Amino acid sequence: MQLKESDEDGFGIEIVLQQGDRKAPSCVHGPTLLFEKVCKGEEKGRRFYACSACRDRKECNFFQWEDDKVSEARLLAREEENRSKMPPFTHQEYCSRFRKFLALPLGRRFCQDCQLLLLPGEWEIHASHKMSQADDITEARLSRPSLMLKPLENKKSNAQYLFADRSCHFLLDTLAKLGYRKVLCVGTPRLHELIKLRNQEGKSDPMKSLLLDIDFRYAQFYGTDEFCHYNMFNHHFFGGEVKVSTVCFVLEPLDKSIKIKQVLKSVFFTQAASGVLRAFLGEEDGEKVIMVSDPPFGGLVKPLAHSFSQIAETWRELQTSEGGVVEMPIVWIFPYFFEPRILECFPSFTMLDYQVDYDNHPLYKHGKTGRKQSPVRLFTNLAPRDVVLPREEGYRFCKVCARYVWSGNKHCTKCNLCPSKDGRVWKHCSECQKCVKPSWRHCQSCARCALPDHPCGNSPGLEGCFNCGSLKHKRRACPLKDKRRTDNKSKAMNSKRTSGAQRRANKLKKTTE
């Protein structure tokens with residue numbers, strides 16, 4: 001799968017995807033990302049490393065300039081801090097604890113403050129904490145951990161919004177009809193647990209699923225072949241390399257007169273999380289694999305696309321059939337206003353009209369109308385006509401566009417498409433020669449459609465590039481951004497360099513003369 005280069009723009013900060021074997025420093029969330037701080041009038045900004053998962057410095061305060069020389073003492077202190085923030089148990093230890101927890105005859109307890117399933121020896125330590133008692137911790141409850149665990153709420157890091165059952169059942173029904181039997185759930189715990197529940201009911205063909213999520217609390221409920229601790233912003237698997245453990249068994253002789261005891265040693269290999277993913281992506285016996293991802297809405301598109309491309313590349317390497325599917329099937333769930341950036345990275349994707357809703361989000365609910373509708377959509381490389389949206393929820397099939405659309409998304413004969421992105425009926429502007437939102441009006445001064453109270457005269461096309469001053473592109477598309485201007489180096493040393501803002505003003509002045 002080809003990943004098209006694109007830059008995140010905003011607040012003068014750009015994400016830089018590193019090439020080669022250069023290793024980035026790590027915080028508790030894994031390898032950090034490289035950013036570039038862009039200053040107006042400067043040919044090259046200054047680069048720094050920051051946390052890949054958190055935009056809130058209170059959650060993770062890692063910061064390091066790329067050209068900083070870090071002392072050995074500082075590196076050791078950083079490693080110690082990372083270790084101190086690791087979970088109290090490994091995944092294997094959580095699995096062992098869960099088996100013991102299920103075997104408890106009476107008195108199951110779950111600490112709501114620590115979000116931990118407790119064994120009897122730990123009850124006293126957590127006595128002052130808020131508890132869920134045995135009656136609340138049934139087998140059915142344990143099979144739906146997303147209902148037990150408190151959703152993370154920090155919008156600047158890893159806020160968790162969980163699919164409503166309506167959206168979950170629609171996704172699974174659609175994937176099953178399309179013949180997929182393996183679902184890679186990236187940041188979709190509710191979908192993962194529903195697959196397991198359906199398998200237990202036995203009413204439909206069984207499906208396999210693997211959950212990749214940064215929330216390690218789910219390791220309490222799932223085995224190492226069902227859950228991997230994973231950061232989707234840097235494609236980092238927590239858990240290290242293959243672990244080897246040795247267990248000794250002492251065999252007592254049947255004849256008690258024989259004093260010799262036999263000792264057997266068994267060696268167990270615990271596969272690294274990245275190996276679990278690779279094993280899951282194989283399509284043995286014709287089991288088709290699809291990836292469904294629901295990243296945090298505030299996440300940067302470029303690193304997400306880079307991680308998804310790496311997963312897709314691993315899938316492609318495992319394909320043995322010739323002339324088959326060339327791209328890994330993906331469903332990326334994200335707000336519709338990120339469509340341009342997603343399509344920059346994955347040009348083969350299409351945004352579908354299906355409105356995804358969430359149980360614990362105050363706004364993204366099913367049944368609302370107008371601007372209150374959920375803005376979350378499905379971006380996918382599946383054929384749009386194959387994804388049948390439910391007519392009973394207000395969707396219809398457009399024969400011209402050859403896909404299912406929302407009932408309010410009226411086909412425009414002039415644009416020759418169903419243009420609406422937000423669920424409202426859009427209108428065609430003959431001057432702009434395209435359909436726009438119903439609340440927009442055409443502004444003669446700006447020569448474009450915008451909100452009636454927009455700051456007139458500040459057309460996006462006139463902001464230009466503050467690297468070279470051109471009015472035809474932004475800095476992220478500037479052809480001179482990464483080139484050294486060696487021809488004018490001596491001239492620049494002997495004269496004061498004109499700022500990007502001044503160069504834009506000069507070009508704007510020439511265009512109006």
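Residues numbered from 1 in each chain as written. Predicted model: local features only at pLDDT ≥ 70, side-chain atom pairs only at ≥ 80, totals over all residues. Heavy atoms only, no water.

Caption draft 1: Structural detail: the overall build of the protein chain. Each helix and strand in the protein chain was counted, giving eleven helices and 25 strands. Here the protein chain holds 513 residues, and the buried ones make up 45% of them. A separation threshold of at least 6 residues defines the contact pool for the protein chain, and within that pool the share at least 24 residues apart is 57%. Summed over its atoms, the accessible surface of the protein chain is roughly 28,600 Å², and 52% of this surface lies on carbon and sulfur atoms. (Helix = DSSP H or I, 4+ residues; strand = E, 2+ residues; numbered from the N terminus. Buried < 20%, exposed > 50% of the residue type's maximum accessible area, 1.4 Å probe, protein only. Contact = heavy atoms within 4.5 Å. Areas by Shrake-Rupley, 256 points an atom, 1.4 Å probe, with all protein chains shown as cover.)

Caption draft 2: Helix α2 (residues 91–102), seen in detail. Look at α2: 17 Å from first C-alpha to last across twelve residues, which is about the 16 Å you get at 1.5 Å a residue. Those residues of α2 lying buried are His-91, Tyr-94, Cys-95, Arg-97, Phe-98 and Phe-101. For α2, the angular spread of buried residues about the axis comes to 165 degrees, placing them on one side. Close packing links the buried residues of α2 with β7 (109–111), β8 (116–118), α3 (139–142) and β12 (227–231). (Expected span 1.5 Å × (residues − 1). Arc of directions from axis to C-beta.)

Caption draft 3: Up close: the pattern of salt bridges. Under the criterion given, the structure shown has 23 salt bridges. Residue Glu-313 pairs with Arg-316 through a salt bridge whose shortest N-O separation is 2.5 Å. Residue Glu-313 and its partner Arg-316 are both found in helix α8 (residues 301–317); the two are separated by three residues, about one turn of the helix. Taken together, the shared-partner salt bridges connect Arg-144, Asp-165, Arg-190, Glu-193 and Asp-359 into one network. (Salt bridge = Lys/Arg side-chain N within 4 Å of Asp/Glu carboxyl O.)

Caption draft 4: Local environment of helix α6 (residues 189–201). Spanning 13 residues, α6 covers 19 Å between terminal C-alpha atoms, matching the ideal 18 Å at 1.5 Å per step. Regarding α6, the residues found buried are Pro-189, Arg-190, Leu-191, His-192, Glu-193, Leu-194, Ile-195, Leu-197 and Arg-198. In the core, the buried residues of α6 are packed alongside α4 (145–148), α5 (165–177), β10 (180–186), β11 (208–213) and β16 (288–293). Where α6 ends, the next residue or the one after it, Gly-202, has phi of about 70 degrees, a positive value.

Caption draft 5: Region of interest: the environment of Gln-112. Following the sequence through the fold, Gln-112 ends up in the loop between β7 and β8. Owing to a relative accessible area of 27%, Gln-112 belongs among the partly exposed residues under this scheme. Those residues in contact with Gln-112 that sit more than four places away from it in its chain are Lys-130, Met-131 and Ser-132.

Caption draft 6: Structural detail: the packing of aromatic side chains. Going through the model one piece at a time under the given rule, you end up with 24 aromatic pairs. Considering the side-chain rings of Phe-308 and Trp-332, the 5.0 Å spacing of their centres and the 85 degrees angle between planes classify their relative orientation as edge-to-face. Of the two residues, Phe-308 sits in helix α8 while Trp-332 sits in strand β17 (residues 330–335), which places them 24 residues apart along the sequence. The two residues Phe-308 and Trp-332 agree in class, both being buried. Just above the ring of Trp-65 sits the side chain of Arg-46; from NZ or CZ to the centre is 3.9 Å. The residue whose ring lies beneath Arg-97 is Phe-89, and the NZ or CZ to ring-centre distance is 4.3 Å. (Phe/Tyr/Trp six-rings, centres within 6.5 Å; stacked < 30°, edge-to-face > 60°. Lys NZ or Arg CZ within 6 Å of the ring centre and 35° of its normal.)

Caption draft 7: Summary view of the side chain of His-126. Along the chain, His-126 falls in the loop between β8 and β9 (131–132). Classification of His-126 by relative accessible area gives buried; the value is 10%. Apart from residues lying up to four places away in sequence, His-126 is in contact with Cys-111, Cys-114, Leu-116, Leu-118 and Met-131.

Caption draft 8: Focus on the pairing of β10. β10 sits mainly inside the fold: six of its seven residues count as buried. Bridge count for β10 against β16 is six bridges, and the pairing is parallel. For Leu-184, the partnering residue across the bridge sits in β16 and is Met-291. Across five bridges, β10 lies against β11 in parallel orientation. Considered in β11, the bridge of Cys-185 is made with Leu-211. Regarding the hand of the β-α-β motif, the stretch spanning β10, α6 and β11 is right-handed. (Pairing = 2+ DSSP bridges. Right-handed = clockwise from strand over helix to strand, strands pointing away.)

Caption draft 9: Spatial organisation of the side chain of Glu-122. As for its position among the elements, Glu-122 is in the loop between β8 and β9. Side chain to side chain, Glu-122 and Arg-97 meet in a polar contact 2.6 Å long. (Polar contact = N/O pair within 3.5 Å; in protein donor to acceptor, adjacent residues only side chain to side chain.)

Caption draft 10: Looking closely at the confidence of the model for the protein chain. Chain-level pLDDT for the protein chain is 81 on average; 75% of the residues reach the 70-or-more range. Note that residues 1–11 has pLDDT below 50 and, in this model, 37 contacts with residues that lie over four places away or in other chains. Of the regions scoring below 50 in pLDDT, residues 241–270 engages in 41 contacts with residues more than four places distant in sequence or in other chains. (pLDDT = per-residue confidence, 0-100.)

Caption draft 11: Summary view of the sheet that holds strand β13 (residues 236–237). In space, the eight strands of this open sheet follow the order β13-β12-β11-β10-β16-β17-β19-β18, with mixed pairing throughout. Two strands lie at the open edges of the sheet, namely β13 and β18 (350–352), each paired on one side alone. Strands β10, β11 and β16 of the sheet are contacted by α6, whose axis makes an angle of about 155 degrees with β11. (Axes fitted to C-alpha atoms, helices over the stretch in contact; angles between N-to-C directions.)

Caption draft 12: Molecular detail of the nonpolar core. One finds Leu-184, Leu-212, Trp-332 and Ile-333 to be the most contacted residues of the largest nonpolar core, which totals 88 residues. The element contributing the most residues to this core is α8, with seven residues. Ignoring any residue separated from it by four or fewer positions in sequence, one finds Ile-333 in contact with Phe-163, Leu-171, Val-292, Ser-293, Asp-294, Pro-295, Val-356, Tyr-358, Val-376, Arg-377 and Leu-378. Residues Ala-24, Ala-53, Cys-60 and Phe-62 belong to the second largest nonpolar core, which totals ten residues. (Core = buried A, V, L, I, M, F, W, Y, C linked by side-chain atoms within 4.5 Å.)

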